[in-house]
Every structure is written in C-alpha cells, then in structure tokens.
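# Understanding the architecture of this molecule
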Amino acid sequence: MQSLVAILIILLFLLMSAIRILREYERGVVFRLGRLTGTRGPGLIFIIPLIDKVVRVHLRTIAMDIPPQDVITKDNVSVKVNAVLYFRVIDPAKAIVEVEDFLFATSQLAQTTLRSILGQAELDDLLSSREKINRELQDIIDHHTDPWGIKVSLVEVKHIDLPQEMQRAMAKQAEAERERRAKIIHAKGEFQASEQLSSAAKVISENPMAMQLRFLQTLSEVASENNSTLVFPVPIDLFKPFIDAMEKKK
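Everything quoted here is computed from the prediction, not taken from an experiment.

What follows deals with the overall build of the chain. Each helix and strand counted, the chain has 8 helices and 8 strands in total. Classification of the 250 residues of the chain by burial places 25% in the buried group. Relative to all contacts within the chain whose residues are 6 or more apart in sequence, the contacts with residues 24 or more apart total 61%. Summing over all exposed atoms, the chain offers an accessible surface of approximately 18,000 Å²; the carbon and sulfur share of this is 58%.

What follows covers a negative patch on the surface. The grouping of Asp75, Glu122, Asp124 and Asp125 at the surface amounts to a negative patch. Mapped onto the elements of the fold, Asp125 is located in helix 4 (residues 123–128). Judged by its relative accessible area of 37%, Asp125 is partly exposed.

Okay, the sheet that holds strand 6 (residues 62–72) next. One open sheet holds the 3 strands; their spatial order is 6-7-8, and the pairing between them is antiparallel. If you trace the sheet from one side to the other, it starts and ends with strand 6 and strand 8 (150–161), each paired once. The average undirected angle you get between the axes of adjacent strands in this sheet is 25 degrees. On the sheet, helix 3 (residues 102–118) packs against strand 6, strand 7 (78–89) and strand 8 and is oriented at approximately 35 degrees with respect to strand 6.

So, on to the sheet that holds strand 2 (residues 26–32). Read from one edge to the other, the open sheet built from 3 strands follows the order 3-2-5, with strand pairing classed as antiparallel. Sheet topology places strand 3 (35–40) and strand 5 (52–58) at the edges, where each strand pairs with a single neighbour. Put simply, the sheet's adjacent strands are angled 25 degrees from each other on average, direction ignored. Note that strand 2 and strand 3 share 5 bridges and pair antiparallel. Bridge pairing in strand 3 links Gly28 to Arg40.

Moving on, we come to unusual backbone geometry. The residue after Gly41, namely Pro42, is reached through a cis peptide bond having omega 0 degrees. Note on placement: Pro42 falls in the loop between strand 3 and strand 4 (43–46). Positive phi, close to 70 degrees, is recorded for Leu50, a residue that is not glycine. Position of Leu50 among the secondary structure elements: in the loop between strand 4 and strand 5. Despite not being glycine, Asn76 shows a phi value in the positive range, around 65 degrees. Take Asn76: it is sitting in the loop between strand 6 and strand 7.

Next up on the list: helix 5 (residues 130–145). Over its 16 residues, helix 5 runs 22 Å from end to end, which matches the ideal 22 Å to within 8%, given 1.5 Å per residue. Of all the positions in helix 5, only Ile133, Asn134, Leu137, Gln138, Ile141, Asp142 and Thr145 are classed as buried. Projected down its long axis, helix 5 shows its buried positions confined to an angular sector of 155 degrees, all on one face. Along helix 5, exposed side chains directed more than 90 degrees from the buried face belong to Lys132, Asp139 and His143. Residues of helix 5 that are buried sit in contact with strand 7, helix 3, helix 4 and strand 8.

With respect to the helices and strands, the residue Asp124 is situated in helix 4. Note: C-alpha distance between Asp124 and Thr73 (51 residues apart in sequence) is 9.8 Å.

It is worth spelling out the nonpolar core at this point. Counting residues in each nonpolar core, the largest one holds 36 residues, and the members touching the most others are Val79 and Leu85. Listing elements by their share of this core, those giving two or more residues are strand 2, strand 6, strand 7, helix 3, helix 4, helix 5 and strand 8. If one sorts the elements of this core by residue count, helix 3 sits on top with 7 residues. Apart from residues lying up to four places away in sequence, Leu85 is in contact with Ile62, Ala63, Met64, Ile66, Thr106, Ala110, Ile141, Val152, Leu154 and Val155.

What counts as what
Residues numbered from 1 in each chain as written. Predicted model: local features only at pLDDT ≥ 70, side-chain atom pairs only at ≥ 80, totals over all residues. Heavy atoms only, no water. Helix = DSSP H or I, 4+ residues; strand = E, 2+ residues; numbered from the N terminus. Buried < 20%, exposed > 50% of the residue type's maximum accessible area, 1.4 Å probe, protein only. Contact = heavy atoms within 4.5 Å. Areas by Shrake-Rupley, 256 points an atom, 1.4 Å probe, with all protein chains shown as cover. Patch = residues over 30% accessible without salt bridge, like charges linked within 9 Å, V, L, I, M, F, W, Y side chains within 5 Å. Salt bridge = Lys/Arg side-chain N within 4 Å of Asp/Glu carboxyl O. Lys, Arg positive; Asp, Glu negative; His and termini not counted. Charge placed at Lys NZ, Arg CZ, Asp CG, Glu CD. Pairing = 2+ DSSP bridges. Axes fitted to C-alpha atoms, helices over the stretch in contact; angles between N-to-C directions. Expected span 1.5 Å × (residues − 1). Arc of directions from axis to C-beta. Core = buried A, V, L, I, M, F, W, Y, C linked by side-chain atoms within 4.5 Å.

Encoded structure:
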C-alpha cells in the first residue's frame, strides 16, 4: 500500500513537472537533452520531465536606460549624454542560442554605439539634429542585434550635459543673436516709417491745405492734455493773405 502511494506521488510529481503555462507575452524555448527542439507557447504546453528544459522569453517591448556616456564631439567639446532604447525579442530561439545574455549584450552595444556616433558629430548638430542622430543610432543598433532575434524600435537621446563654460558661452551667443535680431527689426521699422513719412510729405507738398489741416489737428491733440499754457508756432502762410492785401493798398 505504501509503495502504491509512493508511486502515485511520483507520477503526480512527474505530471506536474510536464506541464508549463506560458502567458500571452511569453514563449518557451525548449531544449531536449541539450538540443534545441523549437519554441512553444503561449498557453498550456507539455514537456518530458527530466529530459526537456524550458527557457522563458518575454516578447514585450523593453525600455532600457543607457547610462550617461562621456563623449568628445567632433569639434572637441566634452559632454555627457544619456539615452533610452526601446526593443523587443522577435525570435526567442535566436535570443537564447545566439547570445549568452541578450539584455546585457544589447546594453553594451547601445553604449558603445552612442559614444561612436556622437563622437562623429559636432556640438551644434548634436543639439539641433537630434532626430537624425536618433535614426542613425536605431539603424546601427538594429543591424547588429538582428542576428540575435531582437528588433530595435526606437532610440532617443534624453539629455546632453554641457560644461558650465560652454553653457555660459552659448548663453552669450544667444543673447547676442537676440540683440542682432532686435536691431534688425528696429532698423526695418525705421525704414518703413521713413517711407511712410516720405509719402506723406509728397502728398502735403502737392496739397498746401493739408499742412494747415495737420497743424490744426496738432493743436487739438496738444489742447487735450489740459495744459494751462500753450505755446505753438504760427505758420507764415496764415498771414500771407493779409500781407498781400497790405501790399496792394500801398
């Protein structure tokens, strides 16, 4: 009786060992006596106990942070750059067989590629052409990880840490650029105003009465300031009719 119970326990243990449950985002890479037999899952799978070995591989997208890297740009500026890498396993068998630890290998490849690519770019390109650099990083890393069954979907440079003296120099450059633009805008405004004044002077010269109307308008504007004393010049043209009349009487 005891032997029967022991046999039943052993059979139950073997049955439990033969059953594996894999989630939707998991695949099982099965090795039979050390040889690769294929990939199984998801759901319920059966293996031969003590003979088959199952290695679980996740197929979800992995966001890997690339630690800050010391980079010397093409124009000899030392910066610290970090990035984030998004990738996923598309061939679980290759990810297990072709590389010892695909997470570690991908991390090291991303770090070396980041230093290599950014070292070939100038600081201005690094700051202004980040999308181009991201695409170049993605293409290179994806090309090298393809034999491992890994697909790199995105690489993003997160932060560029500049030296303090370089930050001050760039701040001075930006301030000088803003002053240059302000002077150009001011000069354009003066030029447009001079064109309008020239056009107005031409109209007034063709119509003498327009000068008198402008003079009266100026008097109205000055009087609206509630001044107790008002001093203004009187154009000689206002007295011209009287002067002509006096000359005729002589």
